[in-house]
Amino acid sequence: MKLCVIEGDGIGREVVPAAVRVLRQVIPDLEFVSAEAGWDRFQLTGEALPEETVARAKDAGAVLFGACSSPSYQVEGYASPIVSLRKRMETFANLRPTRFLPVPTAREGVNLVVVRENTEDLYVGDEQTADAGDTGTATKRITRRATERIAHTAFRLARNEKRRLVTIVHKGNVLPQTDGLFRRVAYEVASAYRDIETDELLVDTAAYWMVKEPARFDVVLTPNLYGDILSDMAAAWGGGLGLAPALNIGAEVAIAEPIHGSAPDIAGQGIANPTAVILSAAMLVRHHWNLPEIADRIDAAVNAALSKGDYTADILGANGMSTDQFADVICEQLG
Ligand code: NAI
Ligand code: MG
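Residues numbered from 1 in each chain as written. Chains lettered and ligands numbered in written order. Predicted model: local features only at pLDDT ≥ 70, side-chain atom pairs only at ≥ 80, totals over all residues. Heavy atoms only, no water.

Colleague: With reference to specific residues and values, describe helix α8 (residues 224-237).
Modeller: Taking 1.5 Å of rise per residue, the 14 residues of α8 would be expected to cover 20 Å, and the 21 Å separating its terminal C-alpha atoms lies within 8% of that figure. The set of residues buried in α8 consists of N224, Y226, G227, L230, S231, A234 and A235. Each buried residue of α8 sits inside an arc of 165° when the element is viewed along its axis, so together they form one side. Residues of α8 that are buried in the fold lie against β4 (93-99), β5 (111-117), β8 (165-170), α6 (179-190), α7 (203-212) and β10 (219-222). Looking one or two places after α8, you find G239, whose phi comes out positive at around 120°. (Helix = DSSP H or I, 4+ residues; strand = E, 2+ residues; numbered from the N terminus. Expected span 1.5 Å × (residues − 1). Buried < 20%, exposed > 50% of the residue type's maximum accessible area, 1.4 Å probe, protein only. Arc of directions from axis to C-beta. Contact = heavy atoms within 4.5 Å.)

As structure tokens, this is what we get:
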């Protein structure tokens, strides 16, 4: 078993080593290969995602990714490395669970997973500019093929995890040719899973319920951009971005990555919460390597540490533990 480790930028370089320590402890014969990507790399070499990195990622088939910084304006030659890597590895689904964790910032009763389509929609950034830069256009593309694939992923996950309800989230009332297609195909797929209940919400209403009554949700099946936004909202109920994991999956490949970014506001201080990336690694262990007992051990160690009140600064403020101290606690728990 091989894992390609891409720390990326900012706190990626601080939290990923904590997850690597955990993995070394629970899977002693795991082989690690490291690779570079990100904004810092781009500044140095003009390449954000080197071919060598893609080759190592594909060869390993499993990637642990930290975070990359991306400017909010156009930079010639730069594209978000994680968006490119998801495309290159054809990871068509992004699983983003939020469950209650024993921290004061979390909401009890929440246990949901956002199943986000990962290859199309506005999020791929197919943009044009006209009028000397005064008009910008982005193409929103939804296909039957990608929708069928993500819908089957959502319903299968519901079945495997003994979940009850899949909620299709879209904006088909305003976008009948794109989101309307997503909704229609999702319902077609639903008809093959009669044991799972299906309902739907318009994305704005879904946002309202995500804030007001997050326990209403079980599995959320949605296109790329809505999934990006709703999963960050959901993360607040799990205790915050520092605790929110994700796994990108494709055919026989997977990329584990926290949903948070490079957090430039706290980078370099050694105080970032490594929980999100550790739980992402656990998802990789569970879904990609199919080692549920080991994944359960990691999840249990995180739960135990948090239950004792061992918190990093994002939860506790100035008196919080450092990234390394928290990783020490997790490794101790793992025994
Ligand atoms: P962000 O997720 O980096 O940070 C948002 C807030 O959450 C900040 O206050 C940060 O300190 C806090 N936070 C995030 N993760 C944390 C952790 N593990 N422990 C403690 N606090 C944590 O989002 P932001 O600030 O919007 O973006 C910063 C950069 O990250 C941008 O360049 C953006 O493009 C990039 N980004 C990259 C992603 C990726 O590589 N997958 C995903 C999201 C953003
Ligand atoms: Mg995001």
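Colleague: Please provide a residue-by-residue account of the packing of aromatic side chains, values included.
Modeller: Throughout the structure, instances matching the rule amount to five aromatic pairs. Between F155 and Y193, the aromatic rings sit 5.1 Å apart at their centres with planes inclined by 20°, giving stacked as the arrangement. Of this pair, F155 sits in helix α5 (residues 144-160) while Y193 sits in the loop between α6 and β9 (197-202); the two residues are 38 residues apart in sequence, bridging distant segments of the chain. Y193 sits in the buried class, given a relative accessible area of 6%. Following the ring pairs from residue to residue traces out a cluster consisting of W39, F42 and Y78. Taking the ring centre of W237 as reference, the NZ or CZ of R107 above it sits at 4.2 Å. The ring of Y123 carries the charged tip of R116 above its face, separated from the ring centre by 4.6 Å. (Phe/Tyr/Trp six-rings, centres within 6.5 Å; stacked < 30°, edge-to-face > 60°. Lys NZ or Arg CZ within 6 Å of the ring centre and 35° of its normal.)

Colleague: Help me get a handle on the environment of P71, residues and values and all.
Modeller: Position of P71 relative to the elements: it lies in the loop between β3 (62-67) and α4 (81-88). On a C-alpha basis, the gap between P71 and G309 in space is 36 Å, while along the polypeptide they are 238 residues apart. Leave out the neighbours within four places in its chain, and P71 touches W39 and Y78.

Colleague: Tell me about the pattern of salt bridges, and please be specific about residues and values.
Modeller: Counted by the stated rule, this structure contains 23 salt bridges. With a closest N to O distance of 3.4 Å, E7 and R13 form a salt bridge. Exposure remark for E7: the relative accessible area of 24% places this residue in the partly exposed category. On the accessibility criterion, R13 (34% relative accessible area) is partly exposed. (Salt bridge = Lys/Arg side-chain N within 4 Å of Asp/Glu carboxyl O.)

Colleague: Help me get a handle on the pairing of β4, residues and values and all.
Modeller: Of all seven residues making up β4, five are buried, and the element is well covered by its neighbours. Pairing analysis gives three bridges linking β4 to strand β11 (residues 247-249), with the strands arranged antiparallel. Pairing of A93 across the sheet is with I249, part of β11. (Pairing = 2+ DSSP bridges.)

Colleague: I'd like a rundown of the site of ligand 1, residues and numbers included.
Modeller: Every one of the 21 residues lining ligand 1 counts as a neighbour, but S70, G261, A263, D265 and N273 are closest to it. Side-chain polar atom of E257 to a nitrogen atom of ligand 1: 3.4 Å apart, as the coordinates give it. When ligand 1 sits alone it has 800 Å² of accessible area, and the protein chains cover 68% of it. (Near = heavy atom within 4 Å. Polar contact = N/O pair within 3.5 Å; in protein donor to acceptor, adjacent residues only side chain to side chain. Areas by Shrake-Rupley, 256 points an atom, 1.4 Å probe, with all protein chains shown as cover.)

Colleague: Describe the environment of I249, with residues and values.
Modeller: Relative to the helices and strands, I249 is located in strand β11. With a relative accessible area of 18%, I249 lands in the buried category. Apart from the residues lying within four places of it in its own chain, the contact partners of I249 are T91, F92, A93, L95, T153 and A254.

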